[in-house]
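# Inside the fold
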Amino acid sequence: MALRSRHNSRAGFLAEVPSVVLLAGGFLAEVDFMSIGTNDLTHYTMAADRMAPTVVTLTDSWQLSVRYLIRLAAMAGTSGQKPVGVCGEAAADPLLACILVGLGLSNLSMAPNAVAAVGLQLESVKLEQYQQAAVAVRHCTTAAAAKATARNLLS
């Protein structure tokens, strides 16, 4: 890409809709990294407005289909040897942050007030435990079951 050669910079993209995640491998072939915007990805995957109180339970990044898409993105990054990170509410959830790291995501971007809690949780267990928990929650069909499984394995 001309931008990289002229400015010695890295190019990446933000995946916020399911269609981009499904095609992440192709996009990653053209850039240096990807970041998953979990707030919008969850919103569009679940077809639920996060501002609508009647469907607020659907706007949880622990939902099975959202976890599946995040896993696909992580696999695309691993396959293409490109870093994939997460920004949004998911990265600020200490338990979900462990699952994300267990999936192979390389960086987490979150609000400053979440850093301490996420850092404490990440320091409390080893990478192998994150990876085992990521496999275990893959089999959970509900957000509540996935959270409970992660809590049991990572506490």
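Residues numbered from 1 in each chain as written. Predicted model: local features only at pLDDT ≥ 70, side-chain atom pairs only at ≥ 80, totals over all residues. Heavy atoms only, no water.

There is a patch of nonpolar side chains on the surface, built from L22, L23 and F27 and spanning about 310 Å² of accessible area. Tracing the sequence through the fold places L22 in helix α2 (residues 18-22). Judged by its relative accessible area of 56%, L22 falls in the exposed class. (Patch = residues over 30% accessible without salt bridge, like charges linked within 9 Å, V, L, I, M, F, W, Y side chains within 5 Å. Areas by Shrake-Rupley, 256 points an atom, 1.4 Å probe, with all protein chains shown as cover. Salt bridge = Lys/Arg side-chain N within 4 Å of Asp/Glu carboxyl O. Helix = DSSP H or I, 4+ residues; strand = E, 2+ residues; numbered from the N terminus. Buried < 20%, exposed > 50% of the residue type's maximum accessible area, 1.4 Å probe, protein only.)

For an α-helix, 3.6 residues make a turn, and residues three or four places apart therefore share a direction. The terminal C-alpha atoms of helix α9 (residues 127-138) lie 17 Å apart, and with 12 residues this matches the ideal 16 Å at 1.5 Å per residue to within 8%. Of the positions making up α9, those classed as buried are Y130, A133, A134 and V137. Seen along its axis, α9 keeps its buried residues to an arc of 105°; they face one direction. Turning to α9, the residues buried within the fold contact α5 (64-80), α7 (94-103), α8 (115-124) and α10 (143-154). (Expected span 1.5 Å × (residues − 1). Arc of directions from axis to C-beta. Contact = heavy atoms within 4.5 Å.)

Moving on to unusual backbone geometry. Unusually for a residue other than glycine, A47 sits at a positive phi of about 50°. Structurally, A47 is set in the loop between α4 (38-46) and α5. For A47, a relative accessible area of 72% puts it in the exposed group. Phi is positive for Q81, close to 55°, though the residue is something other than glycine. On the secondary structure map, Q81 appears in the loop between α5 and β3 (84-87).

Attention shifts here to the sheet that holds strand β2 (residues 33-37). Backbone hydrogen bonds hold the strands of a sheet together, and the pairing may be parallel or antiparallel. An order of β1-β2-β3-β4 is seen for the four strands of this open sheet, with the pairing classed as parallel. Each edge of the sheet is formed by a strand with only one pairing partner; in this case those strands are β1 (12-15) and β4 (107-109). Adjacent strand axes in the sheet meet at a mean angle of 20° when their direction is disregarded. Here β1 pairs with β2 via four bridges, running parallel. Residue pairing in the sheet places F13 in a bridge with M34 of β2. Here α4 sits on the sheet in contact with β2 and β3, set at roughly 60° to β2. (Pairing = 2+ DSSP bridges. Axes fitted to C-alpha atoms, helices over the stretch in contact; angles between N-to-C directions.)

Everything listed here is a matter of coordinates, which is why it stays silent on function.
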